[in-house]
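Observations on the three-dimensional arrangement
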Amino acid sequence: MSVLVTGGLGYIGSHTCVELINAGVDVVVVDNLYNCKKSSYDRIKALVGRDFKLYICDIRDKQGLNQIFEEEKIDSVIHFAGLKAVGESVEKPLEYFDNNVNGTLVLLDVMRNHGCKKIVFSSSATVYGLNNVSPLTEDMEVGGVTNPYGRTKYMIECILKDLYTSDNEWSICLLRYFNPIGAHKSGTMGEDPNGIPNNLMPYITQVAIGKREQLTVYGNDYDTHDGTGVRDYIHVVDLALGHIKAVEKVESENGLFIYNLGTGIGYSVLDVVKAFEKASNVTIPYKIGARRAGDIATCYSSTKKAFDELGWKAERGIEEMCEDSWRWQTQNPNGYPD
Ligand code: NAD
Ligand code: UD1
């Protein structure tokens, strides 16, 4: 089986490439290097002990993508490539719609023209919006999103559903990720955000290593066990393994499938701080700040459907997520080398 992985050098893509290659899948990566370093390619190769094809190309470049499909025999696509910073998407909506939505349209068109109709798409729990109550199940109404980033995910889900309705030779799997954290056990691959991290775990690890002074906890007056926001953190390697099951699903039958990838367990911001302190033996100074716009109190996943239909469940707990994030941060204080 040969899988084209768009955005395969990014955080989730790189971990997924390692698991795919270890499972014997032929991987071809396309990435425009917008939000990753090329050294992540070397790290993947070092971990799997073999070479694989990388195309440095933007998915909006139709000619470039056509060439990849002409040169390679692609059975299915895992589509990670996209921009993902919520705040930035509010400032640059056109860039987000162009990169994420238009990029996906170009990819789908090229796939169709080459008779490749199997795709696994990186969606997000953000599509459940503000009003659904956790545990979130895949049949809940989606679309009440609060920002352009979330809207691109929702729009792409709609496009993929319409595509399947128009032609049921397609096999499409929408994966709604909860909060991926953690890193590869080796400490050689992990999350490498640009500038000030937006997300909790990279912020904590940067405080721990002394790059940032203290964490600001965004609100402690939510209706949760300690007043801070509750999320479903999932180890990136568990997430990567979920993609193998999803690819097997689209390879084995046509259809439109939707799965949450989460652990089903909610931890508050302060739970994560405590777990990290225990794993790292480092104290995390923090202050309580205002709520962040668009945040909700509680978000965690129902894991039943992914388990029943894919036979997948997350195995790694919060301790392991913290240990692995910390190992990556200490071994790579400045992220991937240039
Ligand atoms: P990432 O930024 O680390 O990886 C995305 C990769 O795509 C990067 O290597 C980037 O260079 C590449 N890319 C972006 N636009 C491209 C384009 N037009 N052409 C070619 N390559 C392009 O992000 P990630 O955390 O690995 O996320 C992967 C996917 O999962 C994204 O679609 C993201 O929206 C989605 N997602 C992520 C999270 C999360 O918390 N990390 C949660 C839910 C969904
Ligand atoms: C954010 C995005 C969401 C995206 C997800 C995964 C927003 C509003 N939502 O979700 O669309 O799918 O990341 O990439 O940005 N927190 C702090 N201090 C910090 C950082 C975070 O207290 O410095 C808190 C947040 O308020 C939240 C929790 O930590 O309660 C997790 O935050 P984060 O890692 O940003 O993820 P989400 O808010 O779940």
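Shown above is the structure to which this text applies.
Here's a quick rundown of the structure. Values in this document were obtained by computation on a predicted structure and should not be read as measured data.

1. Overview of the site of ligand 2
Taken together, 18 residues sit near ligand 2, with Thr 216, Tyr 218, Arg 231, Arg 292 and Asp 295 positioned nearest. Contact between ligand 2 and Thr 126: an oxygen atom at 3.5 Å from a side-chain N or O atom of the residue. Asn 179 is positioned such that a nitrogen or oxygen atom in its side chain is 2.9 Å from an oxygen atom of ligand 2. Bound to the protein, ligand 2 loses 88% of the 740 Å² it would expose on its own. Broken down by element, the shell around ligand 2 gets its largest block of residues, 4 residues, from strand S8 (residues 215-218).

2. A short note on the site of ligand 1
Around ligand 1, the surrounding shell holds 27 residues, and the nearest of these are Ile 12, Asp 31, Asn 35, Phe 80 and Lys 84. In the environment of ligand 1, an oxygen atom lies 2.8 Å from a nitrogen or oxygen atom belonging to the side chain of Lys 84. Asn 99 has a polar side-chain atom sitting 2.9 Å from a nitrogen atom of ligand 1. Notes on ligand 1: free accessible area 820 Å², of which the protein chains cover 95%. Those elements giving two or more residues to the shell around ligand 1 turn out to be helix H1 (11-22), strand S5 (118-124) and helix H6 (148-166).

3. Some thoughts on the nonpolar core
Counting residues in each nonpolar core, the largest one holds 42 residues, and the members touching the most others are Val 5, Val 27, Val 29, Ile 44, Val 120, Cys 173 and Leu 175. Sorting the residues of this core by element identifies strand S1 (2-6), H1, strand S2 (26-31), helix H2 (39-48), strand S6 (171-177), helix H8 (236-252), strand S11 (255-261) and helix H10 (304-310) as the ones contributing at least two each. When residues in this core are grouped by element, the largest group, 7 residues, is from H8. Among residues more than four places away in sequence, those in contact with Val 29 are Leu 4, Val 5, Gly 8, Leu 9, Cys 17, Phe 52, Lys 53, Leu 54 and Tyr 55. Ranked by size, the runner-up nonpolar core spans 28 residues in total, among them Tyr 55, Leu 65, Val 106 and Ile 258.

4. A closer look at the packing of helix H3 (residues 62-71) against helix H5 (residues 93-113)
Two numbers describe how H3 lies on H5: the axes approach to 10 Å, and their chain directions differ by 35 degrees. For the element pair H3 and H5, the recorded crossing hand is right-handed. The segment H3 lies against H5, with Lys 62, Leu 65, Asn 66 and Phe 69 engaging Val 106, Leu 107, Asp 109, Val 110 and Met 111. Considering only residue class, the contact of H3 with H5 consists of 6 nonpolar, 1 polar and 2 charged.

5. Re unusual backbone geometry
In this structure, the amide linkage connecting Ser 134 to the following residue, Pro 135, adopts the cis form with an omega of 5 degrees. Tracing the sequence through the fold places Pro 135 in the loop between S5 and H6. Here the phi dihedral of Leu 33 falls at roughly 65 degrees; this positive angle occurs in a residue that is not glycine. Secondary-structure assignment places Leu 33 in the loop between S2 and H2. The phi dihedral of Asn 281 is positive, around 65 degrees, even though this residue is not glycine.

6. Quick word on the side chain of Glu 157
Within the element layout of this structure, Glu 157 appears in helix H6. What makes Glu 157 buried here is its relative accessible area of 0%. Beyond its immediate sequence surroundings of up to four residues, Glu 157 is in contact with Ser 123, Val 127, Val 142, Leu 174 and Arg 176.

7. Details of the packing of H5 against H6
Running from amino to carboxyl end, H5 crosses H6 at an angle of 20 degrees, the nearest separation of the two axes being 9 Å. Taken together, H5 and H6 sit at an angle that is classed as roughly parallel. The handedness of the crossing between H5 and H6 is right-handed. Residues Pro 93, Tyr 96, Phe 97, Asn 100, Val 101, Thr 104, Leu 105 and Leu 108 of H5 pack against Pro 148, Tyr 149, Arg 151, Thr 152, Met 155, Ile 156, Ile 159, Leu 160 and Leu 163 of H6. Of the residues contributing to the contact of H5 with H6, the split by class is 13 nonpolar, 3 polar and 1 charged.

Definitions and cut-offs
- Residues numbered from 1 in each chain as written.
- Chains lettered and ligands numbered in written order.
- Predicted model: local features only at pLDDT ≥ 70, side-chain atom pairs only at ≥ 80, totals over all residues.
- Heavy atoms only, no water.
- Near = heavy atom within 4 Å.
- Polar contact = N/O pair within 3.5 Å; in protein donor to acceptor, adjacent residues only side chain to side chain.
- Areas by Shrake-Rupley, 256 points an atom, 1.4 Å probe, with all protein chains shown as cover.
- Helix = DSSP H or I, 4+ residues; strand = E, 2+ residues; numbered from the N terminus.
- Core = buried A, V, L, I, M, F, W, Y, C linked by side-chain atoms within 4.5 Å.
- Buried < 20%, exposed > 50% of the residue type's maximum accessible area, 1.4 Å probe, protein only.
- Contact = heavy atoms within 4.5 Å.
- Axes fitted to C-alpha atoms, helices over the stretch in contact; angles between N-to-C directions.
- Left-handed = near helix turned anticlockwise from the far one by under 90°.
- Nonpolar A, V, L, I, M, F, W, Y, C, P; charged D, E, K, R; others polar.
- Parallel < 35°, antiparallel > 145°, perpendicular 65-115°, else oblique.

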